[in-house]
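Fold and geometry: a report
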Amino acid sequence: MIKTENLVKRFDADTYIKYKDVTFETGESYVLLGASGCGKSTLLNMIAGVITPSEGRICFDGAEISSMPQKKKDKFRIEKIGYIFQDFKLIEEMTVADNIDILKLEGVRTDRMDEVLSALGILSKKKKKVSKLSGGERQRVAIARAFVKAPDIILADEPTGNLNYEIGSSVVKQMLEIARGKTLIAVTHDDRLAPLFDHVVDMNAIASSYDESGVSGND
Ligand SMILES: Nc1ncnc2c1ncn2[C@@H]1O[C@H](COP(=O)(O)OP(=O)(O)OP(=O)(O)O)[C@@H](O)[C@H]1O
Ligand SMILES: [Mg+2]
């Protein structure tokens, strides 16, 4: 179970985002819906330990991860979290296999690569350069890379951002299938995809932005 408590992320002296507390139960899937800029990626980045909350805490199964030293946070992320970034972070000039094998640099085993690529229907693309793939195929490579290490928690930031509804929903269904039993937190702009998940989290109601230099945000 992931629990956030009194989270605040400050970007500078005047601007910050305040979050109402949220709980993500183990083995359930969640989709975060909300306006652009409301703070969805920022929340995922705090859960992943990529950025540190300015106030409040994040607990995973009762242990506070947000206050761990960065090294311990990195270890936690590498072992437990699969993160599909909003911009994928794939290396265009490398093959699909090499983009996944890059995880070995962090000590992650990639033995499950073929199994995961096959579950996502892209095993035949394994030796292809990412630059030669379609948008939907790239998205599935990013998903495969997050799943290869069998993470307990999957964070997926707009995993279907550039796809049309048909392909987007088929990618989401494949992702939910391989995420069974894990905690999945996904972001999407497409509310038609929301019914595929166990829970919908309305981020417009959870996150409030403040800009005290003059203009106020969505609160
Ligand atoms: N490093 C940063 N420095 C300053 N402001 C930031 C930084 N990162 C995010 N923000 C601001 O925080 C707000 C939330 O950003 P975030 O990326 O979490 O939004 P989002 O909900 O993921 O939006 P989108 O749907 O467009 O991806 C935005 O107003 C953004 O400009
Ligand atoms: Mg975002």
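Quick summary incoming for the structure in this document. What you see is a predicted model, and the numbers here were worked out from it, not measured in a lab.

What to know about the pairing of strand 4 (residues 29-33)
- Of all 5 residues in strand 4, 5 are buried; the element is thus mostly enclosed.
- Because side chains alternate across strand 4, one face comprises the buried residues Ser29, Val31 and Leu33, and the other comprises Tyr30 and Leu32, equally buried.
- As defined by bridge partners, strand 4 adjoins strand 10 (residues 199-202) across 4 bridges and the pair is classed as parallel. Bridge pairing in strand 10 links Leu33 to Asp202.

Examining the packing of aromatic side chains
- Counted under the stated rule, the structure contains 4 aromatic pairs.
- An angle of 20° between the planes, with centres 4.9 Å apart, marks the rings of Tyr16 and Tyr210 as stacked. Taken as a pair, Tyr16 in strand 2 (residues 15-19) and Tyr210 in strand 11 (residues 207-211) lie far apart in primary sequence, 194 residues in all.
- Tyr16 sits in the buried class, given a relative accessible area of 12%.
- According to the relative accessible area criterion, Tyr210 is partly exposed, its value standing at 24%.

Examining the sheet that holds strand 9 (residues 183-187)
- Taken together, 5 strands build an open sheet; the order of strands is 7-8-9-4-10 and the sheet is parallel. Looking along the sheet, the strands with just one partner apiece sit at the ends: strand 7 (81-84) and strand 10. For this sheet, the mean inter-axis angle between neighbouring strands, taken without regard to orientation, is 15°.
- Where strand 7 and strand 8 (residues 153-157) come together, 4 bridges link them in parallel fashion. Bridged to Gly82 within strand 8 is Ile154.

Focus: the site of ligand 1
- Close to ligand 1 lie Phe11, Ile17, Ala35, Ser36, Gly37, Cys38, Gly39, Lys40, Ser41, Thr42, Gln86 and His189, which account for all nearby residues.
- One of the side-chain nitrogen or oxygen atoms of Lys40 is found 2.8 Å away from an oxygen atom of ligand 1.
- Contact distances for ligand 1 include 2.6 Å between an oxygen atom and a side-chain N or O atom of Thr42.
- At 3 residues, helix 1 (residues 40-48) tops the list of elements feeding residues into the shell around ligand 1.
- The residue makeup of the shell around ligand 1, split by class, is 4 nonpolar, 7 polar and 1 charged.

Let's talk about the coordination of the magnesium ion (ligand 2)
- Within the protein, the magnesium ion (ligand 2) binds to Ser41 (OG) and Gln86 (OE1); these donor distances fall in the range 2.0 to 2.4 Å. Linking Ser41 in helix 1 with Gln86 in the loop between strand 7 and helix 3 (96-101), this pair joins segments that are 45 residues apart in sequence.
- Given the relative accessible area of 43%, Gln86 is considered partly exposed.

Focus on the nonpolar core
- If you look at the biggest cluster of nonpolar residues, it comprises 37 residues, and the most contacted ones within it are Ile84 and Met175.
- Among the elements of the structure, strand 4, helix 3, helix 4 (113-119), helix 5 (135-147), strand 8, helix 6 (165-178) and strand 9 are those that each provide at least two residues to this core.
- Here this core takes 6 residues from helix 5, the largest share from any one element.
- Once residues within four sequence positions are removed from consideration, Met175 is found in contact with Ile84, Ile143, Phe147, Ala156, Pro159, Leu184 and Ala186.
- Residues Leu7, Tyr30, Ala48 and Ile153 belong to the second largest nonpolar core, which totals 29 residues.

About the thresholds
- Throughout this document, residue positions are counted from 1 along each chain, in the order its sequence is written.
- In the order they appear in the text, chains get letters beginning with A and ligands get numbers beginning with 1.
- At least 70 in pLDDT is required for a residue's local features to be given in this predicted model, at least 80 for side-chain atom pairs to be given and counted, and no such filter applies to totals for whole chains, interfaces and linings, which use all residues.
- Based on all heavy atoms of the structure, the side-chain values leave hydrogens and waters out of the count.
- For each residue, the accessible area found with a 1.4 Å probe, counting protein chains only, is set against the maximum for its type, and the residue is called buried under 20%, exposed over 50%, and partly exposed in between.
- Secondary structure elements follow DSSP: runs of H or I no shorter than four residues count as helices, runs of E no shorter than two count as strands, and numbering proceeds from the N terminus.
- DSSP calls a pair of strands paired once it identifies at least 2 bridges connecting them.
- Whether two aromatic rings pair depends on their centres lying within 6.5 Å, for rings of Phe, Tyr and Trp, where Trp uses its six-membered ring; planes under 30 degrees apart make the pair stacked, over 60 edge-to-face, and the rest tilted.
- Here, axes are lines fitted to C-alpha atoms. For helices the fit covers the stretch in contact, and angles between N-to-C directions go from 0 to 180 degrees.
- For this purpose, a residue is taken to be near a molecule or strand whenever a single non-hydrogen atom of the residue falls within 4 Å of it.
- Definition of a polar contact: a pair of N or O atoms within 3.5 Å, with one able to donate and the other able to accept a hydrogen when the atoms are protein atoms, and with sequence-neighbouring residues admitted only if both atoms are side-chain atoms.
- The residue classification treats Ala, Val, Leu, Ile, Met, Phe, Trp, Tyr, Cys and Pro as nonpolar and Asp, Glu, Lys and Arg as charged. All others, Gly included, are polar.
- Here the coordinating atoms are restricted to nitrogen, oxygen and sulfur within 2.8 Å of the metal centre, or 3.2 Å for Na, K and Ca, and because water is not among them the sites may look incomplete.
- By nonpolar core is meant a set of buried Ala, Val, Leu, Ile, Met, Phe, Trp, Tyr and Cys residues that side-chain atoms within 4.5 Å join together.
- Any two residues whose heavy atoms approach within 4.5 Å at even a single point are treated as in contact.

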